[in-house]
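Analysis of the macromolecular model
Here are the chains, one letter per residue:
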Amino acid sequence: MTAPLRLGTRGSALAMAQSGHVAEALTAATGRPVELVEVVTAGDRSTAPVQRLGVGVFVSALRDALTAGEIDFAVHSYKDLPTAAAPGLHVAAVPPRQDPRDALVATNGRTLAELPPGARVGTGALRRIAQLHALGMQLEVTPIRGNVDTRLGRVLGPDADLDAVVLARAGLNRIGRADVITETLDPMLMLPAPAQGALAVECRADDQDVIELLALLDHAPSRAAIIAERALLATLEAGCSAPVAAYAVLAEGEPTDEGDVNQEIYLRGAVISPDGSRDLRLSRTGTPADAAEIGKALAAELLELGADSILGQDAQAGPGTQQLGSTE
């Protein structure tokens, strides 16, 4: 009998669901059994805002378990990963990305446009808080903390105290709760976080056998989009909880002289002040092979327009505007 591969995962319903999907896909592709190993992270133990806990709060314990050989690979929400590479570790696969857009869950089936001035909208991400303020709808944006079910309970439960919450559509899809979505938000209104909806499947860099197995799950278009978005984030020197948004889409480009059709990346990026008063948005195109350079170049353009001063304003923002939990 072949020993099961040990997949490290956080214990939340969302983390277990997405790790379970990866485990099933790997077994289907390779025949290797996979067992889930729950790892408790600092972010799971604390109720403090993520920015106070530090970068990588939801991944460091998983990475420690990998390095120690306690697990064979780990599944992360890619947008929780620090942009700096982890020595000795390797992201061996980026499975097909789920819908990266944000979703509104509101009382009485309302859309964002149907919320009245003064409506209380909850979210844990500074990026979403900033963009909601930038809409100029006079909403009362409330920072909230907790897993997906806890956040949904703030608007749908018996003790609901909010008119709406904004969550990642991918997270709701993965736990089978997409039915509660009242509106999927257009990226023109709410640009997603870099790597939102994507998973990172990580293992030890010297474990060639596991790397080869995990490579079967890799989806090249999703990986290229993530590379572009995270290159923008890294060049801005911003963490996963900063008010930075990015969304890369792969589409068919112009036909070549030989009749082939090349793919192009269309990357949009934004930096928004916490109060929504400053909102820088730019876009850039290129080929998947140049994904990292596209992200770096777009970040450089944003910096030329003053993105660094907005990110400095973020650093001075009060605790009421900080990201309060995993951004899924």
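Below you will find a few notes about this structure. (Residues numbered from 1 in each chain as written. Predicted model: local features only at pLDDT ≥ 70, side-chain atom pairs only at ≥ 80, totals over all residues. Heavy atoms only, no water.)

1. Considering the pairing of strand E2 (residues 34-38)
As defined by bridge partners, strand E1 (residues 5-9) adjoins E2 across 5 bridges and the pair is classed as parallel. Bridge assignment links Leu5 to a residue of E2, and that residue is Val34. Handedness of the crossover joining E1 and E2 through helix H1 (residues 13-30): right-handed. (Pairing = 2+ DSSP bridges. Helix = DSSP H or I, 4+ residues; strand = E, 2+ residues; numbered from the N terminus. Right-handed = clockwise from strand over helix to strand, strands pointing away.)

2. Describing the nonpolar core
Ranked by size, the top nonpolar core spans 24 residues in total, and within it Leu232, Leu236, Val244, Ile265, Leu267 and Val271 carry the most contacts. When contributions to this core are tallied by element, the ones reaching two or more residues are helix H9 (220-235), strand E11 (244-255), strand E12 (261-272), helix H10 (291-304) and helix H11 (307-315). For Val271, the contacting residues outside a window of four places in its chain are Leu236, Pro243, Val244, Arg278, Asp279, Leu280, Leu302, Ala307, Ile310 and Leu311. Counting 18 residues, the second largest nonpolar core, distinct from the first, contains Ala23, Val75, Ala92 and Leu199. (Core = buried A, V, L, I, M, F, W, Y, C linked by side-chain atoms within 4.5 Å. Buried < 20%, exposed > 50% of the residue type's maximum accessible area, 1.4 Å probe, protein only. Contact = heavy atoms within 4.5 Å.)

3. Focus: the side chain of Arg174
Mapped onto the fold, Arg174 is located in helix H7 (residues 169-174). Among the polar contacts listed, one links the side chain of Arg174 to the backbone oxygen of Gly197, at a separation of 2.8 Å. (Polar contact = N/O pair within 3.5 Å; in protein donor to acceptor, adjacent residues only side chain to side chain.)

4. Regarding the environment of His133
Along the chain, His133 turns up in helix H5 (residues 126-134). Measuring from C-alpha to C-alpha, the distance between His133 and Ser273 comes to 9.2 Å, with 140 residues separating the pair along the chain. If we skip the residues at most four places from it in the chain, His133 touches Val141, Pro274, Asp275 and Gly276.

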